[in-house]
Amino acid sequence: MSDSQPQQPPHSPRNGRGEGGGGHGPQRPPGHANAAAAESTTLLLAGARLTDGRTVDVRLGGGRIQAVGTAGSLPSPSLARVDLRGYLLLPAPAEPHAHGDTALTADGEGPVSYTPDEVQRRATEAALLQLGHGATAVRSHVRIGDVHGLGPMEAVLQARRSLRGLTDLTTVAVPRLLTGAAGADGLAMLRDAVKMGASVIGGCPDLDPDPTGFLEAVLELAAEHGCPVDLHTDGDDPGRLARLAAMAGGLRPGVTIGPCGGLSRLPLDVAHRAADQLAAAGVRVTCLPQGDCAALERRGLRTAPVRLLRAAGVRVAAGSGALRDAGNPVGRGDPLEAAFLLASQGGLRAPEAYASVSGAAREAMGLPEVRVEAGFPAELLAVRGDRIAGVLSLAYSRIVIHRGRVVARTSAVREYCDSAVAVALDLPRQGRTESGP
């Protein structure tokens, strides 16, 4: 299969509200044809290496893994085929903490535009960039309120519809204030955002004059609508974390907080106690190994103490956070970079680090588990390499599979000049066999 760019999403109308769009009568959302095509596609992944060292063929169909067998054991001459020799096949990553409405704004001159067209363009481009890195599902935190109202949320929901069949984009409604006189408007807007189609309720209690009141409002609304909660917090206030754990315990479908870099600045015994409280309440943590996002106004650059949290039983996922916005002007939005940082600086073994951006991230987002086994969703990432550690170190060439269909490819070509040293060492030339110019 030749290399190609990710497919561009179809045009989406801008007159709808919510997931079904506007108009009369039942409608199929834009991109439905792409999704239907993915469900009907049958594909053979040939010669892939698994993390246990086996080389296998994998047959995909109906958006799921149909069969896994030894190389050459699944002959299907009529199937579309992708040669994965030299690639490691993994469950695809997911991005649990993105900011599509502010992405790609760091290089702009003057104030950032929040017109619906501009926000939709940024959110779409950001999701496609993350898809190219391997993330087949993205949770985007979207600010609502202030002068922009619900415009950014509506624009990101439009991006979600246009991307159907390429990637799964979900939205978190992020109000600034929920208490006091100003908070009344924020709470009303938050309710409207949920009615529009925001599937997760978020916010930053740290920035509200009454953090406890903010939490109460969020948790009450989440319980009313059966929504997950995903909150920004630095985690540097142990009393606030204790109150959150006490209030969130038992809420279904669950509470996630992050990036919690402030936990690393607490005394060790205090951090241990906070981790135990979060674990007992079932509160998940999404850390951002590349640093805080703009929502926390760069309070600190330390990553949450992942090993401490995991030892206490807290389920920890890792996200990318800022993608070239005010939070990080050079953010990559690459899940494998987050895993690399957890392995190189966070003290996790490479498989644990990758699980933080794949299985743990999917669990935090309420997505079904993925394994390279028959019956599981065909959400996969093939990366050139033969072991997880090598993949995290040199993850250049990637093939991304969503709902059983190749949706993005990135190919890196490494060449060396014809020096005596290069010839003697037989250094690899990836991707080209013909003579160069």
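Residues numbered from 1 in each chain as written. Predicted model: local features only at pLDDT ≥ 70, side-chain atom pairs only at ≥ 80, totals over all residues. Heavy atoms only, no water.

(A) Up close: the packing of helix α9 (residues 335-344) against helix α10 (residues 350-357). One can describe the packing of α9 onto α10 by two numbers: an axis separation of 8 Å at closest approach and a directional angle of 140 degrees. Considered as vectors, α9 and α10 are oriented oblique to each other. The chirality of how α9 crosses α10 is right-handed. On the side of α9, the interface is formed by Pro335, Leu336, Ala338, Ala339, Leu342 and Ala343, while α10 contributes Ala350, Ala353, Tyr354, Ser356 and Val357. Broken down by class, the residue content of the contact of α9 with α10 amounts to 10 nonpolar, 1 polar and no charged. (Axes fitted to C-alpha atoms, helices over the stretch in contact; angles between N-to-C directions. Helix = DSSP H or I, 4+ residues; strand = E, 2+ residues; numbered from the N terminus. Parallel < 35°, antiparallel > 145°, perpendicular 65-115°, else oblique. Left-handed = near helix turned anticlockwise from the far one by under 90°. Contact = heavy atoms within 4.5 Å. Nonpolar A, V, L, I, M, F, W, Y, C, P; charged D, E, K, R; others polar.)

(B) Summary view of empty space enclosed by the protein. Per the stated rule, a full pass over the model turns up 3 cavities of 30 Å³ or more. Computed from the structure, the largest cavity encloses a volume of approximately 50 Å³. As for the largest cavity, its lining consists of Ala98, His99, Gly100, Ala123, Ala126, Ala127, Gln130, Val138, Ser140, Val156, Leu169 and Leu323. When contributions to the lining of the largest cavity are tallied by element, the ones reaching two or more residues are α2 (116-133) and β7 (137-143). A total of 4 residues in the lining of the largest cavity trace back to one element, the largest contributor, which is α2. For the lining of the largest cavity, a count of residues per class yields 8 nonpolar, 4 polar and no charged. The volume enclosed by the second largest cavity comes to roughly 40 Å³. Taken together, Pro205, Asp206, Leu215, Thr233, Arg240, Leu241 and Leu244 make up the full set of residues lining the second largest cavity. Among the elements that take part in the lining of the second largest cavity, helix α6 (residues 238-248) stands out by supplying 3 residues, more than any other. (1 Å grid on protein atoms, 1.4 Å probe; cavity = no way out; pocket = protein on both sides within 12 Å on 5 of 7 lines; lining within 4 Å. Points joined across faces, edges and corners; volume = space filled by probe spheres on them.)

(C) Just the packing of aromatic side chains, in detail. What the rule picks out here adds up to 0 aromatic pairs. Directly above the ring of Tyr114 sits Arg122, whose terminal nitrogen or CZ lies 5.3 Å from the centroid. (Phe/Tyr/Trp six-rings, centres within 6.5 Å; stacked < 30°, edge-to-face > 60°. Lys NZ or Arg CZ within 6 Å of the ring centre and 35° of its normal.)

(D) Region of the structure containing the side chain of Gln290. Position of Gln290 relative to the elements: it lies in the loop between β12 (284-287) and α8 (306-312). Polar contacts involving the side chain of Gln290 include one to the main-chain carbonyl oxygen of Ala322, which spans 2.8 Å. Aside from chain neighbours lying at most four places away, what touches Gln290 is Ser320, Gly321, Ala322, Asn328, Gly331, Arg332, Glu337 and Leu341. (Polar contact = N/O pair within 3.5 Å; in protein donor to acceptor, adjacent residues only side chain to side chain.)

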